[in-house]
Amino acid sequence: MILLMGRFDSGGNLIIESSDQFPGDHPQAEIDALVAEKVGDDPNGWAHSYLVDSHSRAVNEAYQEVVRDVDDENSTVIDNVWGVLVDD
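Definitions and limits used
Residues numbered from 1 in each chain as written. Predicted model: local features only at pLDDT ≥ 70, side-chain atom pairs only at ≥ 80, totals over all residues. Heavy atoms only, no water. Helix = DSSP H or I, 4+ residues; strand = E, 2+ residues; numbered from the N terminus. Rg over C-alpha atoms; globule rule 2.2 N^0.38 Å. Buried < 20%, exposed > 50% of the residue type's maximum accessible area, 1.4 Å probe, protein only. Contact = heavy atoms within 4.5 Å. Areas by Shrake-Rupley, 256 points an atom, 1.4 Å probe, with all protein chains shown as cover. Lys, Arg positive; Asp, Glu negative; His and termini not counted. Charge placed at Lys NZ, Arg CZ, Asp CG, Glu CD. Salt bridge = Lys/Arg side-chain N within 4 Å of Asp/Glu carboxyl O. Pairing = 2+ DSSP bridges.

S.K.: Can you lay out the overall build of the chain for me, pointing to particular residues and giving the numbers?
M.R.: On a plain count of helices and strands, the chain comes out with two helices and five strands. Helices and strands in the chain line up, N terminus first, as β-β-α-β-α-β-β. Here the C-alpha atoms of the chain give a radius of gyration of 13 Å, agreeing with the 12 Å that 2.2 N^0.38 yields for 88 residues. Summarising its shape, the C-alpha atoms of the chain cover approximately 35 × 30 × 20 Å along the three principal directions. Counting over 88 residues, the chain shows a buried share of 34%. Once local pairs closer than 6 in sequence are excluded, the contacts in the chain between residues at least 24 apart make up 56%. In the structure as shown, the chain presents an accessible area of about 5300 Å², 45% of it carried by carbon and sulfur atoms. Positive and negative charge centroids in the chain, built from 4 and 19 side chains respectively, lie 4 Å apart.

S.K.: Help me get a handle on the side chain of H55, residues and values and all.
M.R.: Checked against the element boundaries, H55 lands in helix α2 (residues 55–67). For H55, the residues in contact, after removing those within four places along its chain, are I2, L4, I16, S19, D79, V81 and W82.

S.K.: An account of the pattern of salt bridges is requested, with residue identities and associated values reported.
M.R.: Inspection of the entire model under this criterion finds four salt bridges. A salt bridge links E17 to R7; the nearest nitrogen and oxygen atoms lie 2.4 Å apart. Placement of E17 in strand β2 (residues 14–21) and of R7 in strand β1 (residues 2–8) is noted, with a sequence separation of ten residues between them. For R7, a relative accessible area of 21% translates into the label partly exposed.

S.K.: Account for the pairing of β1, naming residues and giving values.
M.R.: When you tally the buried positions in β1, you get five out of seven residues, the bulk of the element. The pairing of β1 with β2 spans seven bridges and is antiparallel. In the strand pairing of β2, L3 is matched with D20. Between β1 and β2, which pair antiparallel one after the other, the connecting turn spans five residues, and G12 there sits at a positive phi close to 85 degrees. Pairing analysis gives six bridges linking β1 to strand β3 (residues 45–50), with the strands arranged antiparallel. By the bridge assignment for β3, L3 is matched with S49.

See below:
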């Protein structure tokens, strides 16, 4: 499982700021604590876990589910972990 965390900027872009890999049976309470620490109560904060085996697949799924499905052709995913821009 890959946990991505970040935030939305004012242009609707999702900026990935961290990526952590956990085994599928990792205690949910520890994951929740990590999300609370990094995202907190930021109204633009975002976190989601993906049941994939690589960071790049998780980022691609985030793009497909969060950005692309919004129908805002100007929004993208900016991956500050690996320095990649995902817009199609």
